[in-house]
Amino acid sequence: MKQELKEIFLKLAAVPGVSGHEGPIAEVLKAMLESSVDDVRIDPMGNVIARKDGSAPGPKLMLGCHLDIIGCIVRSIDQNGFLRMFRMGGAVDVLLIGRKVWVNDVPGVIGVRPGHIQRPEESRTVTPLVDLYVDVGAGSAQEVADLGIEIGSPVRYHSPVEEMSDPNLLCGAYVDNRIGCAILVYLMRALESDFAGTIYAVGTTHEETGWRGGQMTAFTVDPDLAVAIDTTPAGGTPDVDFDKELPIKIGFGPVLQVASQGPGAGFTGHPAVMRWLRSAADSANLPYQLAALQNANTDAVLIHMARGGIPTAALTIPRRYSHSPVELFNINDAVTTIRILQNAIRALGTLKIRFSENA
């Protein structure tokens, strides 16, 4: 399982898909799902919706993961061929300067003033995005246009995933959320039809810019329950207070989000869906972590508010160095996530979706 999952993930992690530009990754995910589901399509907003039917009647379960990655788009192009950027998602200013990037599929670099002429205060100051620029090696706006770059062209990190000294640890850009997509692909391939109900494996767009695809697809699918599969920030490093800030570690199993909260939006795991997933893990002695998270929302935020309300949980893979070009996670946490979901799906036909355990 582990090696196949890793290979799927590495293929997906290499595909472009800045928020709002998910076409390439949507096509790849659709192709990877086609042989293992009963139907798969890409909707007009770029979301991938795949359906797998069980052999008996039962609930409709939506498993959602987002396709998009953080990045920027081109905001302007000056007469000398330098590009200015507009943020798409949670790209962090301090992590942009001096980085290799792709603009469309053209290599570039985010410029930096030479250290030889920097004033002392410059070396201690974060350069804001509005003052950063991308150099693609062009000498004029026309040369930029000749490269196929225009206003709105996506800009993403050039930071491929690599194994660490421990091959279970993988590091690079876009762990968030290509590992979630890989989990969906593996799960659909491994899942036989001997379950009750219908599984919808969904790849959503625009998550990094407001969870929009989760809302769209939840309305379309109209499931009885849903699980958002995503990544989540982890502590366990010298610069994070484990108890006060992020009591989550990589390698200790996936995280079941009890609650999350961010600017203007939040989510609380539905009790019945949480009980169902916890039982699936506990019955097989599979590890998981519980967490209440600040500023770590997922598609669950808008999935659970679709239509008249959809009982939803978020099952997430812990990763260090979130929203950076060096996100790091343990593949064993993804393997455990698959096993929990497999056990949960086996029990799908007996699930009673009650808010109160005694209802």
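Everything in this summary refers to the structure shown in the same document. Everything quoted here is computed from the prediction, not taken from an experiment.

Moving on: the overall build of the protein. Helix and strand counts for the protein come out as 8 helices and 18 strands. Taking 2.2 N^0.38 as the reference for a compact globule, 359 residues should give roughly 21 Å; the C-alpha atoms of the protein span a radius of gyration of 21 Å, in line with that estimate. If you line up the protein on its principal axes, its C-alpha atoms span 70 × 45 × 40 Å. In the protein, which comprises 359 residues, the proportion classed as buried is 53%. Split by element, the accessible area of the protein, about 15400 Å² in all, is 51% carbon and sulfur. Between the averaged position of the 31 positive side-chain charges in the protein and that of its 40 negative side-chain charges there is a distance of 3 Å.

Turning to the nonpolar core, a few remarks are in order. What tends to happen in soluble globular proteins is that the nonpolar side chains get buried as a cluster. Of all hydrophobic cores here, the largest spans 61 residues; its most connected members are Leu-63, Ile-179, Trp-276 and Leu-277. Top element by residues in this core is helix 4 (residues 175–190). It accounts for 10 residues. Among all residues touching Leu-277, those that are not within four sequence positions of it are Val-227, Leu-256, Ala-313, Ile-340, Leu-341 and Ala-344. The next biggest cluster of nonpolar side chains, apart from the first, holds 25 residues, and it includes Ile-73, Leu-96, Val-106 and Ile-149.

Moving on, we get to unusual backbone geometry. Note that the residue after Asp-176, namely Asn-177, is joined by a cis bond; omega there is 0°. Within the secondary structure, Asn-177 is located in helix 4. Positive phi, normally seen in glycine, also occurs at Arg-307, with a value near 50°. Here Arg-307 is to be found in the loop between helix 7 (300–303) and strand 17 (312–319).

The next subject is the packing of helix 1 (residues 2–13) against helix 4. Running from N to C, helix 1 and helix 4 cross one another at 130°; their axes reach a closest spacing of 8 Å. Judged by the angle between their axes, helix 1 and helix 4 are oblique. At the point where helix 1 passes helix 4, the crossing takes the right-handed sense. Every residue of helix 4 that contacts helix 1 at Glu-4, Leu-5, Ile-8, Phe-9, Leu-12 and Ala-13 is listed here: Val-175, Arg-178, Ile-179, Cys-181, Ala-182, Ile-183, Val-185, Tyr-186 and Arg-189.

In this section: the pattern of salt bridges. Between side chains of opposite charge, a pair can form as their charged atoms come close. Under the criterion given, the structure shown has 9 salt bridges. Asp-53 is the partner of Arg-51 in a salt bridge, and the nearest nitrogen-oxygen pair spans 2.9 Å. Connected through salt bridges with shared partners, the residues Asp-176, Arg-319 and Glu-327 form a single ionic network.

Taken in spatial order, the 3 strands line up as 10-11-18 in an open sheet, and their pairing is antiparallel. Of all the strands in the sheet, the pair left with one neighbour each is strand 10 (162–163) and strand 18 (327–330). As paired strands, strand 10 and strand 11 (residues 169–172) are joined by 2 bridges and run antiparallel to one another. Within strand 11, the residue paired with Glu-162 across the bridge is Cys-171.

Our focus in this paragraph is the packing of helix 1 against helix 2 (residues 23–33). It is the contact of helix 1 with helix 2, at a shortest axis distance of 10 Å, that shows an interaxial angle of 155°. What the angle tells us is that helix 1 and helix 2 run roughly antiparallel. For the pair formed by helix 1 and helix 2, the contact residues are Ile-8, Lys-11 and Leu-12 on the first element and Ile-25, Val-28 and Met-32 on the second. In terms of residue class, the contact of helix 1 with helix 2 is made up of 5 nonpolar, no polar and 1 charged.

Turning next to empty space enclosed by the protein. Per the counting criterion, the structure on display carries 2 cavities of 30 Å³ or more. One number sums up the size of the largest cavity: a volume of about 70 Å³. Those elements giving two or more residues to the lining of the largest cavity turn out to be strand 4 (71–77) and strand 9 (154–157). Among the elements that line the lining of the largest cavity, the one with the most residues is strand 9, at 3 residues.

A few words now on a nonpolar patch on the surface. There is a patch of nonpolar side chains on the surface, built from Val-92, Val-94 and Val-126 and spanning about 220 Å² of accessible area. Looking at the secondary structure, you find Val-94 in the loop between strand 5 (82–88) and strand 6 (100–103).

Here we take up the layout of surface pockets. Its boundaries defined by the atoms lining it, the largest pocket holds a volume of some 430 Å³. Contributing to the lining of the largest pocket are 21 residues, with Glu-208, Asn-295, Ala-296, Asn-297 and His-323 lying nearest its centre. The biggest single contributor to the lining of the largest pocket is strand 13 (residues 225–233), with 4 residues. Approximately 350 Å³ is the volume attributed to the second largest pocket. Along its surface, the second largest pocket is lined by 16 residues, and Ile-97, Arg-113, Glu-122, Thr-127 and Leu-132 are the ones closest to its centre. Partitioning the lining of the second largest pocket into residue classes produces 7 nonpolar, 4 polar and 5 charged.

Conventions and cut-offs
- Residues numbered from 1 in each chain as written.
- Predicted model: local features only at pLDDT ≥ 70, side-chain atom pairs only at ≥ 80, totals over all residues.
- Heavy atoms only, no water.
- Helix = DSSP H or I, 4+ residues; strand = E, 2+ residues; numbered from the N terminus.
- Rg over C-alpha atoms; globule rule 2.2 N^0.38 Å.
- Buried < 20%, exposed > 50% of the residue type's maximum accessible area, 1.4 Å probe, protein only.
- Areas by Shrake-Rupley, 256 points an atom, 1.4 Å probe, with all protein chains shown as cover.
- Lys, Arg positive; Asp, Glu negative; His and termini not counted.
- Charge placed at Lys NZ, Arg CZ, Asp CG, Glu CD.
- Core = buried A, V, L, I, M, F, W, Y, C linked by side-chain atoms within 4.5 Å.
- Contact = heavy atoms within 4.5 Å.
- Axes fitted to C-alpha atoms, helices over the stretch in contact; angles between N-to-C directions.
- Parallel < 35°, antiparallel > 145°, perpendicular 65-115°, else oblique.
- Left-handed = near helix turned anticlockwise from the far one by under 90°.
- Salt bridge = Lys/Arg side-chain N within 4 Å of Asp/Glu carboxyl O.
- Pairing = 2+ DSSP bridges.
- Nonpolar A, V, L, I, M, F, W, Y, C, P; charged D, E, K, R; others polar.
- 1 Å grid on protein atoms, 1.4 Å probe; cavity = no way out; pocket = protein on both sides within 12 Å on 5 of 7 lines; lining within 4 Å.
- Points joined across faces, edges and corners; volume = space filled by probe spheres on them.
- Patch = residues over 30% accessible without salt bridge, like charges linked within 9 Å, V, L, I, M, F, W, Y side chains within 5 Å.

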